[in-house]
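So the chains spell out like this:
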Amino acid sequence: MGPVRAPPALPNPSTSAGPMEIYLPIAEVSLDVLVLLALGGVVGFLSGVFGVGGGFLLTPFLIFIGVPPTVAVASSANQLVGASVSGVLAHWRRGNVDFKMGGVLLAGGFVGSLLGVWLFSLLRRVGQIELVINLSYILLLGTLGGLMLIEGTRAFLRGRKPGAGRRKLHQHNWVHGLPLKMRFRRSKLYISALLPLGLGFFIGILSAIMGVGGGFVMVPAMIYTLGMPTAVVPGTSLFQIIFVAATVTILQAINNRTVDLVLALLLLVGGVIGAQIGSRMGSRLRGEQLRIMLALLVLAVAIKLTFDMTATPAHLYSTAFVQ
Amino acid sequence: MRRAAARALSALALLAGLAAAPAAAEPLVADLTSHLIGITGSFTGDSVVLFGATDGPGDVVVVVRGPERDIVVRRKRQVAGIWVNAKEETFAAVPSFYRIASSRPLDAITTPAVRAFHQLGVDDLRLVPTRGPLRPEDQPFRAALIEEQQRDNLFGKTVGKVDFLGDRLFRTTIRFPSNVPTGAYLVQVFLIRDKSVVAGQTTPLAVSKIGLDAEVYDFADRRSAAYGVIAVLTAMVAGWLASLPFRHA
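Residues numbered from 1 in each chain as written. Chains lettered and ligands numbered in written order. Predicted model: local features only at pLDDT ≥ 70, side-chain atom pairs only at ≥ 80, totals over all residues.

1. Things to note about the overall build of chain A
Phase 1: On a plain count of helices and strands, chain A comes out with 11 helices and five strands.
Phase 2: Looking at chain A as a whole, 49% of its 323 residues qualify as buried.
Phase 3: Relative to all contacts within chain A whose residues are 6 or more apart in sequence, the contacts with residues 24 or more apart total 81%. (Helix = DSSP H or I, 4+ residues; strand = E, 2+ residues; numbered from the N terminus. Buried ≥ 20, exposed ≤ 12 C-beta atoms within 10 Å, placed from the backbone. Contact = placed C-beta atoms within 7 Å.)

Rendered as structure tokens:
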């Protein structure tokens, strides 16, 4: 017998899994609390910097860390309700919310989210929901990212040239020929109600299928299609997102039982802190710099998703419980 | 009452079995250290010990089966460069969890017929499509189902070990991962001699969410509309609370 040696340090399975693991009751997986708080924080930071909800990053990342896609979509919508309330309160104090415009967007958004949740249930039954979620992301992020990058780069170059020409404040096109005109005082606009209605409807469908508030579609559309002043855009966008996301959350809870409140709250805690830090950071950067950075980020997500969909999958087969 | 009495009796029989080998004793007695796996917020997996005694030499095989569910298996196909779910096959009454442990390699102590009849080992699980008997073209789907369940740690990749202490006392540890499905489980114990099953015992085991998680899940399931409204209100209040410290910033 040789000298007594200390036994080799074996990794203890219960501590190597992390003492901060929490079991999510609806997702039915255990995840690290710190990872979820950090994820919420990063997404909140980005939304603070860029003025978008960040759902387009949150949902794919949740799926990546092991949350079932259907739960990720529904819980992101729930998280969005809280994040938007927090954001709207900040903008409202500065008088930067056009409630009338928000209301019209909302009417369209409500109908859109009804249709979207119904579509979601249908696609889930036929086994194509993940395909549709991924395709929607690639199409939207690719298009928007590309457009923002082009626009941002142009603005950036124009800003560098001394004596660059100013853009016309308002451009008239076919959009201004539509019926049902309404006056939006805070936005200083007199346009057809069909425009915000249609935009809201489209965003409602997106929210239900992708678990996003649609801020990254809504914000550019409000500026370029509706012609709203930039100052009232984030607040108004967030205002209507509260209600669309709330509708989506309730409908997902009823139809698909996929809303994980514990997950949503954890993301929210990190999110609000990140958003406050982000908005301070964002105010120090120039507008076109922000847009170029956001465009690159959006494009990176789109490229990653495209790669995932076209690369030969590691596993050809997948399984799911029949409900 | 009667069940409790029976359990006390079997415990007595176990003790009696230790002391002597009465010919009239049951050939196989076994029990679990716990009949409930409770899933709480800090659940990261759990294990129970199955222990028991036989009335003489023999091999013991232990099978753990989770509640049965219908599972659909989908195969991806490349369409215009994109991988989409194309063909699918639904299997009826698939155990959501399956583990097997044996005192010696299965093929050394059983015949293929015995393994097939008692479904000993993942290869011998009866997995039948809902629309009829298994055809040759369903085989890849069946294999994929098993592989997928193994990757999720729901089916065991290997046969576990049943340890004998002496000739008649045995024990094995059953481990449950953090993603263990909830429901009513069955733990089957088989006593095998001369390549056939001479005695068997089935013990129930419940895996269930307990505490707050159970209440959240039940509520979300039974009162889904109310749950949705509460989820929204909670998020709104949380958002409002979160904005308070930054009010004057």
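2. Overview of the overall build of chain B
Phase 1: Helix and strand counts for chain B come out as six helices and 13 strands.
Phase 2: Among the 249 residues that make up chain B, the fraction classed as buried is 30%.
Phase 3: Taking as baseline every contact in chain B between residues at least 6 positions apart, the subset at least 24 positions apart corresponds to 68%.

3. Section: the interface of chain A and chain B
Phase 1: Contacts between the two partners involve 47 residues from chain A, matched on the other side by 48 residues from chain B.
Phase 2: When residues of the side of chain A that touches chain B are traced back to their parent elements, those giving at least two are strand 1 (21–24), strand 2 (29–32), helix 4 (69–93), helix 9 (233–255), helix 10 (261–282), helix 11 (287–310) and strand 5 (317–321) of chain A.
Phase 3: Here the side of chain A that touches chain B gets 10 residues from one element, more than from any other, and that element is helix 4 of chain A.
Phase 4: When strand 5 of chain A meets strand 5 (residues 68–79) of chain B, the two strands line up antiparallel, connected through five bridges. Counterpart to A:Phe321 in the pairing with strand 5 of chain B is B:Ile71. (Pairing = 2+ DSSP bridges.)

4. What about the confidence of the model for chain B?
Do not read the predicted coordinates in detail wherever pLDDT is low.
All names here are of chain B.
Phase 1: In the predicted model, chain B carries a mean pLDDT of 85, and the fraction of residues at 70 or more is 88%.
Phase 2: For the stretch residues 12–24, pLDDT sits under 50, and the model shows 14 contacts to residues farther than four places along the chain or on other chains.
Phase 3: In the model output, the complex is listed with pTM 0.69 alongside ipTM 0.75. (pLDDT = per-residue confidence, 0-100.)

5. Overview of the packing of helix 5 (residues 99–125) of chain A against helix 7 (residues 194–210) of chain A
Residue and element names in this part refer to chain A.
Phase 1: Direction vectors running N to C along helix 5 and helix 7 enclose 40 degrees, while the axes themselves pass 6 Å from each other. The handedness of the crossing between helix 5 and helix 7 is right-handed.
Phase 2: Taken together, the residues of the contact of helix 5 with helix 7 break down into 20 nonpolar, nine polar and no charged. (Axes fitted to C-alpha atoms, helices over the stretch in contact; angles between N-to-C directions. Left-handed = near helix turned anticlockwise from the far one by under 90°. Nonpolar A, V, L, I, M, F, W, Y, C, P; charged D, E, K, R; others polar.)

6. Regarding the nonpolar core
Note that soluble globular proteins tend to have their nonpolar side chains buried in a common cluster.
Phase 1: By size, the foremost hydrophobic cluster in this structure holds 145 residues, and its most contacted members are A:Ile242, A:Ala245, A:Leu263, A:Val298 and B:Val62.
Phase 2: At 13 residues, helix 9 of chain A tops the list of elements feeding residues into this core.
Phase 3: Looking at which domains feed residues into this core, each of domain 1 (2–209) and domain 2 (211–249) of chain B supplies at least three. (Core = buried A, V, L, I, M, F, W, Y, C linked by C-beta atoms within 7 Å. Domains from an automatic or database assignment.)

7. A few points about helix 5 of chain A
Residue and element names in this part refer to chain A.
Phase 1: In a regular helix each residue adds 1.5 Å, so 27 residues correspond to 39 Å; helix 5 covers 38 Å between its end C-alpha atoms and thus fits that length.
Phase 2: Those residues of helix 5 that sit buried are Met101, Gly102, Val104, Leu105, Leu106, Gly108, Gly109, Gly112, Ser113, Gly116, Val117 and Phe120.
Phase 3: A positive phi of about 80 degrees marks Gly127, the residue just after helix 5. (Expected span 1.5 Å × (residues − 1).)

8. Quick word on the sheet that holds strand 3 (residues 46–54) of chain B
Residues and elements named next belong to chain B.
Phase 1: Taking strand neighbours across the sheet as the criterion, the four strands line up as 1-3-11-10 in an open arrangement whose pairing is antiparallel. Every other strand in the sheet has two partners, leaving strand 1 (28–32) and strand 10 (163–165) as the edge strands with one partner each. In this sheet, adjacent strand axes meet at a mean angle of 25 degrees when their direction is disregarded.
Phase 2: Here strand 3 pairs with strand 11 (residues 169–176) via eight bridges, running antiparallel. Bridge assignment links Phe51 to a residue of strand 11, and that residue is Arg171.

9. Here we look at the environment of A:Val259
Phase 1: With respect to the secondary-structure elements, A:Val259 resides in the loop between helix 9 and helix 10.
Phase 2: Classification of A:Val259 as buried rests on a count of 31 C-beta atoms within 10 Å.
Phase 3: Separated by 11 residues in the primary sequence, A:Val259 and A:Val248 have C-alpha atoms spaced 9.9 Å apart.
Phase 4: Beyond its immediate chain neighbours, meaning those up to four positions away, A:Val259 contacts A:Ile26, A:Ala74, A:Ser75, A:Asn78, A:Thr249, A:Gln252, A:Ala253, B:Gly228 and B:Ala231.

10. Some details on helix 9 of chain A
The periodicity of an α-helix, 3.6 residues per turn, causes residues three or four positions apart to be oriented the same way.
Residues and elements named next belong to chain A.
Phase 1: Its 23 residues place the ends of helix 9 32 Å apart at the C-alpha level, agreeing with the 33 Å of an ideal helix rising 1.5 Å per residue.
Phase 2: Burial within helix 9 is extensive, with 21 of its 23 residues counted as buried.
Phase 3: Immediately beyond the C-terminal end of helix 9, within one or two residues, lies Arg257, with a positive phi of roughly 50 degrees.

11. Examining the packing of helix 4 of chain A against helix 9 of chain A
Residues and elements named next belong to chain A.
Phase 1: Close contact between helix 4 and helix 9 brings their axes to 8 Å; oriented N to C, the two are set at 150 degrees. Judged on the interaxial angle alone, helix 9 and helix 4 are roughly antiparallel. For the pair helix 4 and helix 9, the sense of crossing is left-handed. Note on element contacts: helix 9 touches helix 4 through Pro234, Gly235, Leu238, Phe239, Ile241, Ile242, Ala245, Ala246, Val248, Thr249 and Gln252, opposite Ala74, Ala77, Asn78, Leu80, Val81, Ser84, Val85, Gly87, Val88, His91 and Trp92.
Phase 2: Of the residues assigned to the contact of helix 4 with helix 9, the class counts are 15 nonpolar, seven polar and no charged. (Parallel < 35°, antiparallel > 145°, perpendicular 65-115°, else oblique.)

12. So, the pairing of strand 3 of chain B
Phase 1: The pairing of strand 1 of chain B with strand 3 of chain B spans five bridges and is classified as antiparallel. Residue B:Val29 lies in a different strand from strand 3 of chain B, and its bridge partner there is B:Ala53.

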